[in-house]
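Commentary on secondary and tertiary structure
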Amino acid sequence: MMPRLREVKLLEQCIVEVVFDNDIVKKVNFADLIDFQVLNEKHCPDSFSKLKFDNDKNIIYWENGQTITIDSLIRKIHEDDQRLFHLEQRLLQPSPDTLLYKIVKFDYFIDMCQKQYLFFKNVTQYEGNPKDSQMPKRERLLREAVRFENNPDVSLYDFDEPNRNNTYACCFSLNESRYIWKAYAADLKRDLCLVFHYDNLKKYFIENYNISHFIGGSKLNTNNFLINICKVQYVDEQSTLTNTYHKNLCEYACYQYNKHLPDDEVRLFLSPNLSNFKKEPETNIKLSVDWKELMEYGAFVGIKNFESSRIEN
């Protein structure tokens, strides 16, 4: 039986909080369901705030005459939920109370707070690590050998590499080590270490990723991307995954070679739905977040500088 709406409350612009009679609460971006979405910037008319609903008629409507069905709203919520940490059971995870550390330049942090975003870098763009998230050679050769009968010039691997080209990562470390500071801080006297709580960070995105968007002129849309988090596993470069076969290409983003072991990395990453693999990749993307809410969720828990860290090793 389809759940009935109890309340529909406008939070901001097109962002709506929907409460069902079974006490389930969801945040939904209505701009994805109606006709006035402009790229990733959501523009809703003033009349949008004056919406009503009728469970018996299966309809949500507002003063300008535009309507959507409650069924379409529920389908949207279901589709949104499918993009949230769907690989959690397959990926290595830290313990719930783990603290995560991220070194950032001071000026970058100020910009992130002022413009309300979290920075994700294309995994193909890491200096000194051109093989990041790359499929191991043996598996690549196997997939290159699989050709389509009606189009023998196209291999299975041709569908894989665009997936990597459109994977974006926001990286953290499990340890606030001297190595991390020296490797990622440009100025030890000025740069910062941001501290996050793993489980609360994930909870924040479970409740807010579906209403987020990419800022800064990106032509990509969050609806085309899955979000996952993993504790990176470090493997030998010569034998990487040669005895395994990863049906889900997202999983390659969670492996690094042993030479990167000191990073002790946890990775929050965005990867495309396979049906959207033709999207043009970008060097980096800025995912909208609310830094005040990150603190209220207990996801963003502190800031350190190098002197206050008192690192011993």
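The structure contained in this document is the topic of the report that follows. Worth saying up front: this structure is predicted, and the values here are computed from it rather than measured. (Residues numbered from 1 in each chain as written. Predicted model: local features only at pLDDT ≥ 70, side-chain atom pairs only at ≥ 80, totals over all residues. Heavy atoms only, no water.)

**Here we look at helix α3 (residues 137-144)**
Residues Glu139, Arg140 and Arg143 constitute the buried set of α3. Taken down its axis, α3 places every buried residue within 100° of arc, on the same side. Of the exposed residues in α3, the ones pointing more than 90 degrees away from its buried face are Lys137 and Leu142. The elements touched by buried residues of α3 are β12 (151-155). (Buried < 20%, exposed > 50% of the residue type's maximum accessible area, 1.4 Å probe, protein only. Helix = DSSP H or I, 4+ residues; strand = E, 2+ residues; numbered from the N terminus. Arc of directions from axis to C-beta. Contact = heavy atoms within 4.5 Å.)

**Some points on helix α6 (residues 198-208)**
What sets the pattern is the α-helix's 3.6 residues per turn: residues three or four places apart point alike. Counting buried positions along α6 gives 8 out of 11 residues, so the element sits mostly inside the fold. Within α6, the full set of buried residues consists of Tyr198, Asp199, Asn200, Leu201, Lys202, Tyr204, Phe205 and Asn208.

**A look at the pairing of strand β16 (residues 225-231)**
In terms of burial, β16 is largely enclosed, as 6 of its 7 residues are buried. As paired strands, β16 and strand β19 (residues 265-272) are joined by 7 bridges and run antiparallel to one another. Counterpart to phenylalanine 225 in the pairing with β19 is proline 272. (Pairing = 2+ DSSP bridges.)

**Some words on the side chain of arginine 267**
By secondary structure assignment, the location of arginine 267 is in strand β19. What makes arginine 267 buried here is its relative accessible area of 1%. Within polar-contact distance, the side chain of arginine 267 engages the side chain of aspartate 132 at 2.8 Å. In this structure the side chain of arginine 267 is engaged in a polar contact, spanning 3.1 Å, whose partner is the backbone oxygen of alanine 253. (Polar contact = N/O pair within 3.5 Å; in protein donor to acceptor, adjacent residues only side chain to side chain.)

Everything listed here is a matter of coordinates, which is why it stays silent on function.
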